[in-house]
Every structure is written in structure tokens, then in C-alpha cells.
Amino acid sequence: MMPISSVNAGAARPLTAAEKVHGTPEAQRSREETQGRPLKPVMDEYVPEEKREPFGRYWLGRDGGGQPKIYFDDPERAPDSPERPEDPLDAKACGQDKDARGPEKKGEKEHVCIGSTDKVDREIERLRKKKEELEQRISTETDEARIQDLERQLAQVERELRKKDNDTYRRQHSTFTQL
């Protein structure tokens, strides 16, 4: 590595000497020239566009029964029809007939279902008992190879128990019966 003290100091000239040699730089001249004339302020400009033809819109609403429904504004609708119904629950304002809304509920009784997680709860309880049994067998076992085998089985049961002992698993594997 070269020491800084041995660098040739004559290669660098002081700033004042550089200005005298080259005269006024062009960057400074152009700045001086532009100061004499006023600059036009740079502003955004609004350019109005021609009105486009409607393309139809979709929106989410609820039908008369409270069920979610997707509504559509047809661009080729009748000119006297409203652009969007005031109340999305009013299916008649959407131009839908009775068949499009689904069957009327006259005399139909509601279906009532009961969810049961008994099967899942029994499965989880069986896994917990198996875990306790394996822990007891590990504590009483003297053979080292047999202990390792039991610990492997215990780890597998714990993984399965962790996977199944939660609300999501119960909800997914619950059974429903209709009354």
C-alpha cells in the first residue's frame, strides 16, 4: 500500500486556480442566463375525457331472504329503470322476477340441524389415554431400546393429539343431524 504522504500534491490544483484557467464554467453561465428571464410555473393540467359508454357493474347485496346475492347493472337496461336500486334487499327493483329469486317459502318449515362433536371428542380422549399409558410404560421400562421405541410412539401420539385437539379440527369433523 502507498502512504498518502507520497502522493503527488502537484496534480491537484486549488479551486481558485482552476477557475482562472478554464474561465467561467458553462453550468454557471446557463444559470445566470436563465435568471434574467422568468420561468413558467410547472402545474398539472386537467384534460376532460369524453364520457365512456357504461360497461355494467356488479355489487354484493342481500336478497329478500337475507342470503348474499350478486347484483348486476346491465348497460343495455331500459332508460326508465333506475341505475341502482335504493334498497338492494328489494329484488323487484333489480328487475328480477319471482323465478330468479328462488322459490317462495309458503308453508315450508325450516330445517333444523344439530351439530355433534362426540365422535371427535372420543377420539381425542382415546389419544390422551394412550399418551398417559405410554408415559407410565416409559417410567417403568428398564430396557433402553424399548424406552426409545416407546418415546417414538409417544412423540407420534403427541403430534396427532396436537393436530386434533383444537376447535378447527372439531368443527371440520363434526357430524350434523337434521331434526
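Engineer: Is there a simple way to think about the nonpolar core in this case?
Structural biologist: Nonpolar side chains tend to gather and get buried jointly when the protein is soluble and globular. In this structure, V120, I124, L127, L134, I138, I147, L150, L154, V157, L161 and Y169 together form the largest nonpolar core, which totals eleven residues. Of all the secondary-structure elements, those providing two or more residues to this core are α4 (118–140) and α5 (144–164). Discounting chain neighbours no more than four positions away, the residues touching V120 are Y169, R170 and H173.

Engineer: Just to check I follow, could you spell out the confidence of the model for the protein chain for this structure?
Structural biologist: When pLDDT drops low, the exact placement of atoms in the prediction is not to be read closely. Overall, the prediction assigns the protein chain a mean pLDDT of 75, with 59% of residues at 70 or greater. Within the model, the stretch residues 85–94 combines pLDDT values under 50 with 15 contacts to residues more than four positions away or in other chains.

Engineer: I keep staring at the side chain of D63 and nothing clicks. Help me out?
Structural biologist: Mapped onto the fold, D63 is located in the loop between β1 (57–62) and β2 (68–73). No salt bridge is formed by the buried D63, whose closest oppositely charged neighbour, K69, lies at an N-O distance of 5.8 Å. A polar side-chain atom of D63 sits 2.8 Å from the main-chain amide nitrogen of Q67.

Engineer: When you look at the pattern of salt bridges in this model, what are you seeing that I'm missing?
Structural biologist: Any two side chains of opposite charge can pair, so long as their charged atoms come close to each other. Taken as a whole and judged by the stated rule, the model has ten salt bridges. In this structure, the salt-bridge partner of K164 is E123, at a minimum N-O distance of 2.3 Å. In this pair, K164 sits in helix α5 while E123 sits in helix α4, placing the two residues 41 residues apart along the sequence. Note on K164: relative accessible area 9%, which makes it buried. Overall, the relative accessible area of 22% leaves E123 in the partly exposed class. Salt-bridge contacts for K164 lead to E160; the nearest nitrogen and oxygen are separated by 2.9 Å. Taken together, the positions of K164 and E160, both in helix α5 and four residues apart, correspond to about one turn of that helix. Under the relative-accessibility criterion, E160 is labelled partly exposed at 27%.

Engineer: How do you make sense of the pairing of β1 when you look at a structure like this?
Structural biologist: Strand direction decides the pairing type here: β1 and β2, joined by six bridges, are antiparallel. Its bridge partner being in β2, Y58 is matched across the sheet by F72. The loop that links β1 with its antiparallel partner β2 comprises five residues; one of these, G66, has a positive phi angle of about 85 degrees.

Engineer: Is there a simple way to explain the environment of L161 in this structure?
Structural biologist: Note that L161 resides in helix α5. In this structure the C-alpha to C-alpha distance between L161 and R126, which are 35 residues apart in sequence, comes to 9.7 Å. Each residue touching L161, except ones within four places of it in the same chain, is listed here: I124, L127, R128 and K131.

Engineer: Would you mind going over a nonpolar patch on the surface with me for this structure?
Structural biologist: On the surface, a nonpolar cluster with roughly 500 Å² of combined accessible area is contributed by Y58, L60, I70 and F72. Within the residue set of the nonpolar patch, elements represented by two or more residues are β1 and β2. Secondary-structure assignment places F72 in strand β2.

Engineer: Mind showing me how you'd approach α5 here?
Structural biologist: The periodicity of an α-helix, 3.6 residues per turn, causes residues three or four positions apart to be oriented the same way. For α5, which comprises 21 residues, the first-to-last C-alpha distance of 30 Å matches the rise-based estimate of 30 Å (1.5 Å per residue) to within 8%. Buried within α5 we find I147, L150, L154, V157, L161 and K164. Buried positions in α5, seen along its axis, are confined to an arc of 110 degrees and lie on one side of it. More than 90 degrees from the buried face of α5, the exposed residues found are E144, A145, Q148, R162 and K163. Buried residues along α5 sit in contact with α4 and α6 (167–172).

Analysis parameters
Residues numbered from 1 in each chain as written. Predicted model: local features only at pLDDT ≥ 70, side-chain atom pairs only at ≥ 80, totals over all residues. Heavy atoms only, no water. Core = buried A, V, L, I, M, F, W, Y, C linked by side-chain atoms within 4.5 Å. Buried < 20%, exposed > 50% of the residue type's maximum accessible area, 1.4 Å probe, protein only. Helix = DSSP H or I, 4+ residues; strand = E, 2+ residues; numbered from the N terminus. Contact = heavy atoms within 4.5 Å. pLDDT = per-residue confidence, 0-100. Lys, Arg positive; Asp, Glu negative; His and termini not counted. Salt bridge = Lys/Arg side-chain N within 4 Å of Asp/Glu carboxyl O. Polar contact = N/O pair within 3.5 Å; in protein donor to acceptor, adjacent residues only side chain to side chain. Pairing = 2+ DSSP bridges. Patch = residues over 30% accessible without salt bridge, like charges linked within 9 Å, V, L, I, M, F, W, Y side chains within 5 Å. Areas by Shrake-Rupley, 256 points an atom, 1.4 Å probe, with all protein chains shown as cover. Expected span 1.5 Å × (residues − 1). Arc of directions from axis to C-beta.

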